[in-house]
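Structure at a glance
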Amino acid sequence: MTDEDSRDDLIIRIAGEGGEGIISAGDFITQACARAGLEVYTFKTFPAEVKGGYAMYQTRTSSRPIYNHGDTFNVLCALNGEAYTMNRAALRPGTAFVYDSHGDFEPEIPGDVHAYAIPMTQAAKELGTPKAKNMVALGALSRLFGIPADALLEVLSGKFSKKGDHVVDGNVRAFERGRELAAELTKTDPWHVAEPAQRGETVLMSGNDAIGLGALIAGLDFFAAYPITPATEIARYVARHLPKRGGTLIQAEDEIASISQVLGASYAGKKAMTSTSGPGLALMSEMLGMAFMSETPCVVVNVQRGGPSTGLPTKHEQSDLFLSIHGSHGDAGRIVLSVENVRDCIDLTVKAFNLAEKYQVPVLLLSDGSLAFSTQSVPYPDPDAYTIENRKRWDGEGEYKRYAFTADGISPMCDPGTPGGMHMATGLEHNDAGAPNYSPANHEAMQAKRFGKLATVVADFPQAEIDGDDDGDEADLGIIAWGSTIGVVREAVARLRAEGHAVRGFYPKLLWPMAVEQYETFAAKCKRLLLPEVNWQGQLAHFVRAETSLRPESYTICGGLPFNPAMVVSRAKEMLS
Ligand code: COA
């Protein structure tokens, strides 16, 4: 990477206390950069408490595509002592450090760090707007690093307008004061927001909002909501938009009620979904078995967070794969997809509905804490460009049998109330007409029918992407990744290849049923395999070992944070050496 390249890849981290407006300030930087035509990728982390604790927002921005939040920051803005302490070790030579010089801390600044002391607390107090300390910081950042001031003023005014004109005015004054204070300092660092490149129309979305949008594109009719961090914003997005198109969202009393309502709506012929996180998915496991048994299409989004139990509600983890694939009693199947980025959150939500409708099975879509809150610029989605699949329906001819054995294994469905179409959908084992039947031969035949449908799912889903030279010689190392870790591995693979290493990546998004042949084909051209994932037990590595002949080296972390590319590069180099 040349110096010029690295200037085109700027990472700004703003940190302070929850309640100090860190998230708002970070959002404003992100929106202003996106409006200026830049690519953005954000990562935020905050405590489970509404006030207090360490909050951090990182915006990576470039004129070129970005796939993850980056290794570490180029610019740190610390609003309090904890923010400084938490990040002190990452203040590397050449980084810029903007801090509150009238705050609760006296930083020790290494000689090769570019430090800018801004009296944020004092300036905000003098203006009579103590809450606007974050806007003093934002003004200073705008001046020092070229974040477009006009765009920042526009987004901050928009955000605070519902709090009243006096709040907007106070924040604008604080922002301007921050710019003045920064103008009095001499800029010594090289960091500056990049010049935007030419690109098509894009929209800035969070992972959660994008899932909501994908559901609307897929033709969602009914959403059962029960709030849980970090999934709640999906319901919030759907609540804003679904009623406008005649759909219904109901807030249920708990997750068991949510999934039950979803199955009821789907039985009634509607496209239905719910979203949750690990603890909620655990509660839904019985009804997911019911969905498989009764062949009721449904989509459940699981935005994974740190566990087990209540765990780390606001933190990142990829630890619900065991639960998602096998979390049900009896022998129950399902389809499990996972998303890499915000674009996937739209596309794979549509795909999840298509698969649920086509195969009449529950489809679980896995996202995660960092992607849920990450905002990224994505090409403006064209709803007409998506293929939408609907369930196979009864044509009204002959005797209706809800679970009729058919050539493709899929039985036609029929809405309640259709003349001649009366049927039972039950969790009890049943015959082809839906009547209870516990005979050994019937149970065997029905299990074979239900699992038989899943046999063609792999062929019906796009092949897992191979990153790197697919036709070339055997690679020294193959890296398998899933979920948002894929974006990190993409960059790691690119860096390793740029250094001359023979490395490839393999990025499955259909996790279950497992595309065994695709894993085997990929691995056949790699001397060794590495599988990084954010959980303790190495959950995907476990399934790879169980289902294929492969023995990937498992690389797990579970500190509530995602990987960064440097970590993967470093582990890969250990293996390559
Ligand atoms: N002037 C006026 N108001 C301002 C402001 C300013 N300069 N800067 C921020 N604010 C407001 C924001 O608009 C927001 O108000 P709102 O709640 O009315 O939208 C509020 O102050 C908080 O600011 P924000 O920037 O959104 O967050 P923060 O960085 O201060 O961090 C959180 C607070 C997000 C960490 C915390 O509130 C939270 O939600 N924690 C997570 C809770 C959770 O999910 N727990 C899990 C339970 S299982």
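The structure under discussion appears in the preceding block.
Just so it is clear, the model here is predicted, and its values are computed rather than measured.

**A short note on the site of the ligand**
Residues in contact with the ligand amount to 23 residues; listed here are only the nearest, Gly19, Ile23, Ser24, Ala48 and Asn171. One of the backbone nitrogen or oxygen atoms of isoleucine 22 is found 2.8 Å away from an oxygen atom of the ligand. A distance of 3.4 Å is found between a nitrogen atom of the ligand and a backbone nitrogen or oxygen belonging to proline 47. When the free accessible area of the ligand is taken as 970 Å², the share hidden by the protein chains comes to 70%. Of the residues assigned to the shell around the ligand, the class counts are 11 nonpolar, seven polar and five charged.

**A closer look at a positive patch on the surface**
A cluster of basic side chains, namely Lys51, Lys131, Lys159, Lys162 and Lys163, defines a positive patch on the protein surface. With respect to the secondary-structure elements, lysine 163 resides in the loop between α6 (149-160) and α7 (165-183).

**Considerations on the packing of helix α8 (residues 207-218) against helix α9 (residues 232-241)**
Running from N to C, α8 and α9 point in directions that differ by 45°, and their axes come no closer than 8 Å. Taken together, the axes of α8 and α9 are oblique relative to one another. Once α8 is placed against α9, the crossing between them reads as right-handed. Residues Asn208, Asp209, Ile211, Gly212, Leu213 and Leu216 of α8 lie in contact with α9, whose contacting residues are Glu233, Ile234, Tyr237, Val238, Arg240 and His241. Residue composition of the contact of α8 with α9, by class: six nonpolar, three polar and three charged.

**Some details on the pairing of strand β3 (residues 54-62)**
Residues in a regular strand point their side chains to alternate faces of the sheet. By the criterion of burial, β3 is predominantly enclosed, with nine of the nine residues buried. Here β3 shows no split at all, with Tyr54, Met56, Gln58, Arg60 and Ser62 on one side and Ala55, Tyr57, Thr59 and Thr61 on the other all buried. Two strands pair when backbone bridges link them, and strand β1 (residues 9-17) and β3 are joined in this way by nine bridges, in the antiparallel orientation. Residue pairing across strands places isoleucine 12 opposite threonine 59, the latter belonging to β3. Sheet topology places strand β2 (residues 39-45) next to β3; seven bridges connect them, and they run antiparallel. Of the residues in β3, the one forming a bridge with glutamate 39 is serine 62.

**Some words on the packing of aromatic side chains**
The tally for this structure, following the rule as stated, stands at 14 aromatic pairs. Consider the rings of tyrosine 84 and phenylalanine 105, whose centres lie 5.7 Å apart with planes at 25°: the pair is stacked. Of the two residues, tyrosine 84 sits in helix α3 (residues 81-87) while phenylalanine 105 sits in the loop between β5 (96-100) and β6 (114-118), which places them 21 residues apart along the sequence. Ring geometry for phenylalanine 506 and tyrosine 519: centres 4.9 Å apart, planes at 65°, overall edge-to-face. In this pair, phenylalanine 506 sits in strand β17 (residues 503-507) while tyrosine 519 sits in helix α17 (residues 516-523), placing the two residues 13 residues apart along the sequence. Under the relative-accessibility criterion, phenylalanine 506 is labelled buried at 1%. Overall, tyrosine 519 belongs to the buried group, its relative accessible area being 1%. Linked through ring pairs, Tyr84, Phe97, Tyr99 and Phe105 together constitute an aromatic cluster. Cation over ring: arginine 490 sits above tyrosine 67, and NZ or CZ is 5.7 Å from the ring centre.

**Here's the deal with the packing of helix α5 (residues 133-145) against α7**
Contact geometry of α5 with α7 gives a least axis separation of 6 Å together with a crossing angle of 45°. If you check the angle between α5 and α7, you find them oblique. Crossing hand, α5 versus α7: right-handed. Residue-level inspection shows Met135, Val136, Leu138, Gly139, Ala140, Ser142, Arg143 and Leu144 of α5 in contact with α7, the latter providing Asn171, Ala174, Phe175, Gly178, Arg179, Leu181, Ala182 and Ala183.

Parameters and conventions
Residues numbered from 1 in each chain as written. Predicted model: local features only at pLDDT ≥ 70, side-chain atom pairs only at ≥ 80, totals over all residues. Heavy atoms only, no water. Near = heavy atom within 4 Å. Polar contact = N/O pair within 3.5 Å; in protein donor to acceptor, adjacent residues only side chain to side chain. Areas by Shrake-Rupley, 256 points an atom, 1.4 Å probe, with all protein chains shown as cover. Nonpolar A, V, L, I, M, F, W, Y, C, P; charged D, E, K, R; others polar. Patch = residues over 30% accessible without salt bridge, like charges linked within 9 Å, V, L, I, M, F, W, Y side chains within 5 Å. Salt bridge = Lys/Arg side-chain N within 4 Å of Asp/Glu carboxyl O. Lys, Arg positive; Asp, Glu negative; His and termini not counted. Charge placed at Lys NZ, Arg CZ, Asp CG, Glu CD. Helix = DSSP H or I, 4+ residues; strand = E, 2+ residues; numbered from the N terminus. Axes fitted to C-alpha atoms, helices over the stretch in contact; angles between N-to-C directions. Parallel < 35°, antiparallel > 145°, perpendicular 65-115°, else oblique. Left-handed = near helix turned anticlockwise from the far one by under 90°. Contact = heavy atoms within 4.5 Å. Buried < 20%, exposed > 50% of the residue type's maximum accessible area, 1.4 Å probe, protein only. Pairing = 2+ DSSP bridges. Phe/Tyr/Trp six-rings, centres within 6.5 Å; stacked < 30°, edge-to-face > 60°. Lys NZ or Arg CZ within 6 Å of the ring centre and 35° of its normal.

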